[in-house]
Amino acid sequence: MKFDILTLLPGFFDSALNLGVIGRAVKEGTLSVKTHDIREFTTDTHKTVDDAPYGGGAGMLMKPAPVAAALRSVLKEAESGKGSEEGLLNGACAPVVILLTPQGVPLTQKIVRGLAEKERLILLCGRYEGVDERIRPMVDMEISIGDYILTGGEAAALILLDSVGRLIPGVLGCSLSSERDSFSDGLLEGPQYTRPELFEESKVPDVLLSGDHAKISRWRRKESLRRTMERRPELLKGLKPDKEDRAILDELRAEGGFDDFVK
Ligand code: 4G4
């Protein structure tokens, strides 16, 4: 999977792309990430990337021309096949251009899964008060990482890259761990424990030490459902409970407090 990041702050990504699971995947070549400095696509002597909004008002906007030139440069390279395995003419799928913006579609694990199927993502990061409206038709999707404002799209792009990158085969050590975690089935993870067995008067639940794997699985499922009911009851709307889930949900209801959730 290849990521191209269009930004005014390429240095923003230096540490994140060299550390941890993503850093290793980049070093091994499982993920390829290239930053492109939008300022390098200016044509004036002062390398101007921002300007005041027409109609007046506070703040500045990103000028459209450097953004458009940066985008076209990356798209042209993708078409020629450089930086991807074969190039567009040899059957590769077209890169998806994504603008990170508070006005975008809210990012979910479902969207993350869809993006992980693409072979190339181009992430456009806005600064100042945002980008000129005429850039919008040049992007395929607008994505928001949540209902809050950042000083730029870079932090949002990193979150998108991290969430998509970890689903690419070979990025996580164990291929099962991305399927097993929170949201793979739309539920929250229950409590988890590691050594020691006793930590500051608090003991690991006996069932986890029992060696009875059927019992452990059922306990984990119950705690996952309990935590989801307590913290994110709206997530249970998407649950398709099997017979065992129904039995567990009945138990949780009997234990009290959750009458409103799930039929
Ligand atoms: C584009 C338009 C994304 C980019 C406006 C980006 C929050 C998110 C930006 C802006 C961002 C998000 C300056 C508001 C950069 N803030 N929630 N800031 N702003 O995904």
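As a reminder, the structure under discussion sits directly above these lines.
Residues numbered from 1 in each chain as written. Predicted model: local features only at pLDDT ≥ 70, side-chain atom pairs only at ≥ 80, totals over all residues. Heavy atoms only, no water.

A. Here's a closer look at the packing of helix H6 (residues 213-231) against helix H7 (residues 243-255). Taken N-terminus to C-terminus, the directions of H6 and H7 make an angle of 55°; their axes are 10 Å apart at the nearest point. As judged from the angle between their axes, H6 and H7 are oblique. Once H6 is placed against H7, the crossing between them reads as right-handed. Taking contact as the criterion, the partners of Arg218, Arg221, Lys222, Leu225, Arg226 and Met229 in H6 are, on H7, Glu244, Asp245, Ala247, Ile248, Leu249, Glu251, Leu252 and Glu255. Here the residues of the contact of H6 with H7 sort into six nonpolar, no polar and eight charged. (Axes fitted to C-alpha atoms, helices over the stretch in contact; angles between N-to-C directions. Helix = DSSP H or I, 4+ residues; strand = E, 2+ residues; numbered from the N terminus. Parallel < 35°, antiparallel > 145°, perpendicular 65-115°, else oblique. Left-handed = near helix turned anticlockwise from the far one by under 90°. Contact = heavy atoms within 4.5 Å. Nonpolar A, V, L, I, M, F, W, Y, C, P; charged D, E, K, R; others polar.)

B. The arrangement of the packing of helix H3 (residues 109-116) against helix H4 (residues 154-165) in detail. The N-to-C vectors of H3 and H4 enclose an angle of 70°; their axes lie 9 Å apart at closest approach. The angle between H3 and H4 falls in the class roughly perpendicular. Where H3 abuts H4, its residues Val112, Leu115 and Ala116 lie against Leu160, Ser163 and Val164. Class assignment of the residues belonging to the contact of H3 with H4 gives a composition of five nonpolar, one polar and no charged.

C. Here's a closer look at the site of the ligand. In the vicinity of the ligand there are 15 residues, among which Tyr128, Ile145, Gly146, Tyr148 and Leu150 approach most closely. Contact between the ligand and Gly146: a nitrogen atom at 2.8 Å from a main-chain N or O atom of the residue. Note that a nitrogen atom of the ligand is positioned 3.1 Å from one of the backbone N or O atoms of Tyr148. Taken by itself the ligand offers 460 Å² of open surface, and the protein chains cover 95% of this. It is strand E5 (residues 96-106) that provides the largest number of residues to the shell around the ligand, a total of three residues. (Near = heavy atom within 4 Å. Polar contact = N/O pair within 3.5 Å; in protein donor to acceptor, adjacent residues only side chain to side chain. Areas by Shrake-Rupley, 256 points an atom, 1.4 Å probe, with all protein chains shown as cover.)

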